[in-house]
Amino acid sequence: MSDDEADPELLEMLRKSLGISSGEDGLARTTGVLEDAEYIYNNSIDVAIDMRGTQAAASLVHSQMLERGYSTQTWSEHELHPKSKDERTVNFIFTVDLLNFSFWSEISGDERFCVEYRGRRWTGYWSLVAALQRALDEDIPITTPSFWIDSKDLTQARLRHIFRSATDGQIPLLVERLDCLQEAGRVLEANYDSSILSLIESANKTAGSLVNLLARDFPCFRDEHRFEGKKVRFLKRAQIFVADLWAAFNGEGYGEFMDIHELTMFADYRVPQILHTLGVLIYSPPLENHIRALRLIEPGDSREVQLRGCSIWAVELLRREILKRCSDMGVNSVLIDFFLYDLAKEREKEGMEAVPHHRTRSIWY
Ligand SMILES: Nc1nc2c(c(CN[C@H]3C=C[C@H](O)[C@@H]3O)cn2[C@@H]2O[C@H](COP(=O)(O)O)[C@@H](O)[C@H]2O)c(=O)[nH]1
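1. Thoughts on the pairing of strand S5 (residues 230-233)
Walk down a regular strand and you will see the side chains alternate between the two sheet faces.
Next up, step 1: Strand direction decides the pairing type here: strand S4 (residues 224-227) and S5, joined by 4 bridges, are antiparallel. Residue Arg226 lies in a different strand from S5, and its bridge partner there is Lys231.
Next up, step 2: Here S4 folds back onto S5 in antiparallel fashion, the turn holding 2 residues, of which Glu228 has a positive phi close to 50°.

Structure (structure tokens):
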């Protein structure tokens, strides 16, 4: 038995002693992501957290979120996000977060991949949302799981059409995106009557259980890696799926989760960049030179794991600093993360990127 497969009885005893109860389906209610992030932070040499920078950033983030009235409502206020509080929005969010990865481009400027929709050109995450909305407008059922597994319907050529660019650029990892859709469609058909609602209902309104269930049943959500010989979990797209549901439904109906505070920051490539810009994250000189030279970092490289793990831990420290300033328990890592992503995009739009984001090509984020 490898060291990863601890004795189930020992695990259950540990869970009970730590107050981590499992659901009746044996699913733990906590994900272990935050603990893994702290472990990575305590063993990182290329990435560190500046405590003074974190305190200064906490003041800025807290005042800005208050000033903007940042809340779950903000999610639906984004022009391209769906507004209906029904199954269509659930299916839309699941499809987005199946494919919510790796939009960055080696091609800079106007020639990069972008989607033309509603008279505008959308890049990055918004290119994904725009492409899906455009497909639905064209009566392509791209958010319907049964459509994903019928190879006559969803071919590579059809998906390339759905993600057609207004430039010669192409969406990165198109084949991997098709694989994610087909795999998820098969798992949903086999275990959940092809229904994403059934998937959500089996987590009994527990965010931690839903994240664990996605990681257990869907390999393309299983964002787990090795660091210093230890398995570590980030589960970024599984977590942001639950977070997007919670925000889109304002914590009610399909978005009702009793433990949304269980979710951590979503370890992507945009939020680490703004955390560095705000003086929260510090990179070693070799790593900073590597990132500024726009050089690739391979998936699973220790520096990539440090960037992702330290970002999760940094947002946890930010959250604790903010709570010292206000007892408003409404401020959780999800809203702080969403705010940081939106702030990063504002800075990018204003041409104020102090440091590039790191460049790792993978399906995990
Ligand atoms: N940690 C975190 N990562 C996020 C988001 C979002 C969008 N969330 C929307 C929903 C609510 C918020 O208010 C946002 O409006 C995308 N990403 C990730 O960033 C990368 C895309 O970057 P770029 O190519 O520049 O668009 C890619 O890895 C993608 O997975 C977030 O919120 N948090």
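What follows continues from the structure just given.
2. Some remarks on the site of the ligand
Next up, step 1: The environment of the ligand is made up of 23 residues, and the closest members are Asn100, Lys236, Arg270, Asp337 and Lys345.
Next up, step 2: Here an oxygen atom of the ligand and a side-chain polar atom of Asn100 are 2.7 Å apart.
Next up, step 3: Here Asp342 contributes a side-chain N or O atom positioned 2.8 Å from an oxygen atom of the ligand.
Next up, step 4: If you list the elements that add at least two residues to the shell around the ligand, you get helix H6 (124-137), helix H12 (236-248) and helix H16 (333-349).
Next up, step 5: Of the residues forming the shell around the ligand, the biggest block, 5 residues, is contributed by H16.

3. Topic: the nonpolar core
Next up, step 1: Ranked by internal contacts, the top residues of the largest apolar core, which has 122 residues, are Phe94, Ile142, Trp148, Phe163, Leu210 and Leu340.
Next up, step 2: Per-element tally for this core: the top contributor is helix H15 (residues 302-325), with 10 residues.
Next up, step 3: What Leu210 contacts, discounting residues up to four positions off in sequence, is Leu199, Ile200, Ala203, Phe241, Val242, Leu245 and Phe257.

4. A look at the confidence of the model for the protein
Next up, step 1: Model confidence for the protein is summarised by a mean pLDDT of 93, while 93% of its residues fall at 70 or above.
Next up, step 2: Model confidence for the complex is summarised by a pTM of 0.94, with the ipTM given as 0.99.

5. Points about the environment of His62
Next up, step 1: Positionally, His62 belongs in helix H3 (residues 51-67).
Next up, step 2: For the pair formed by His62 and Leu323, sequence separation is 261 residues and the distance between their alpha carbons is 9.0 Å.
Next up, step 3: Non-local contacts of His62, meaning those with residues more than four positions away in its chain, are made with Ile322, Arg325 and Cys326.

6. Details of the environment of Glu183
Next up, step 1: Locating Glu183 in the fold gives a position in helix H9 (residues 174-191).
Next up, step 2: Separated by 34 residues in sequence, Glu183 and Ile149 place their C-alpha atoms 7.9 Å apart.

7. Considering the pattern of salt bridges
Next up, step 1: For the structure shown, the criterion picks out 22 salt bridges.
Next up, step 2: Glu224 is the salt-bridge partner of Arg233, the closest N and O atoms lying 2.9 Å from each other.
Next up, step 3: Taking the relative accessible area as the measure of exposure, Arg233 reaches 16% and is therefore buried.
Next up, step 4: Judged by relative accessible area, which is 21%, Glu224 ranks as partly exposed.
Next up, step 5: Here Arg320 makes a salt bridge to Glu316, at a shortest N to O gap of 2.8 Å. Placement of both Arg320 and Glu316 in helix H15 is noted, with a separation of 4 residues, approximately one turn of the helix.

8. With respect to the side chain of Gln273
Next up, step 1: Considering the arrangement of structural elements, one finds Gln273 in helix H13 (residues 271-277).
Next up, step 2: Within polar-contact distance, the side chain of Gln273 engages the side chain of Glu353 at 2.8 Å.
Next up, step 3: In this structure, Gln273 is in contact with Tyr283, Glu353, Val355, Pro356 and His357, ignoring residues within four places of it in sequence.

9. Comments concerning unusual backbone geometry
Next up, step 1: With a phi close to 50°, Ser102 is a non-glycine residue in the positive phi region.
Next up, step 2: Examined against the element boundaries, Ser102 turns out to sit in the loop between helix H5 (87-98) and strand S2 (115-117).
Next up, step 3: On the basis of relative accessibility, which here comes to 0%, the residue Ser102 falls in the buried class.
Next up, step 4: We note that Asp139 has phi near 60°; this positive angle belongs to a residue other than glycine.
Next up, step 5: Mapped onto the elements, Asp139 comes out in the loop between H6 and helix H7 (145-149).

About the criteria used
Residues numbered from 1 in each chain as written. Predicted model: local features only at pLDDT ≥ 70, side-chain atom pairs only at ≥ 80, totals over all residues. Heavy atoms only, no water. Pairing = 2+ DSSP bridges. Helix = DSSP H or I, 4+ residues; strand = E, 2+ residues; numbered from the N terminus. Near = heavy atom within 4 Å. Polar contact = N/O pair within 3.5 Å; in protein donor to acceptor, adjacent residues only side chain to side chain. Core = buried A, V, L, I, M, F, W, Y, C linked by side-chain atoms within 4.5 Å. Buried < 20%, exposed > 50% of the residue type's maximum accessible area, 1.4 Å probe, protein only. Contact = heavy atoms within 4.5 Å. pLDDT = per-residue confidence, 0-100. Salt bridge = Lys/Arg side-chain N within 4 Å of Asp/Glu carboxyl O.

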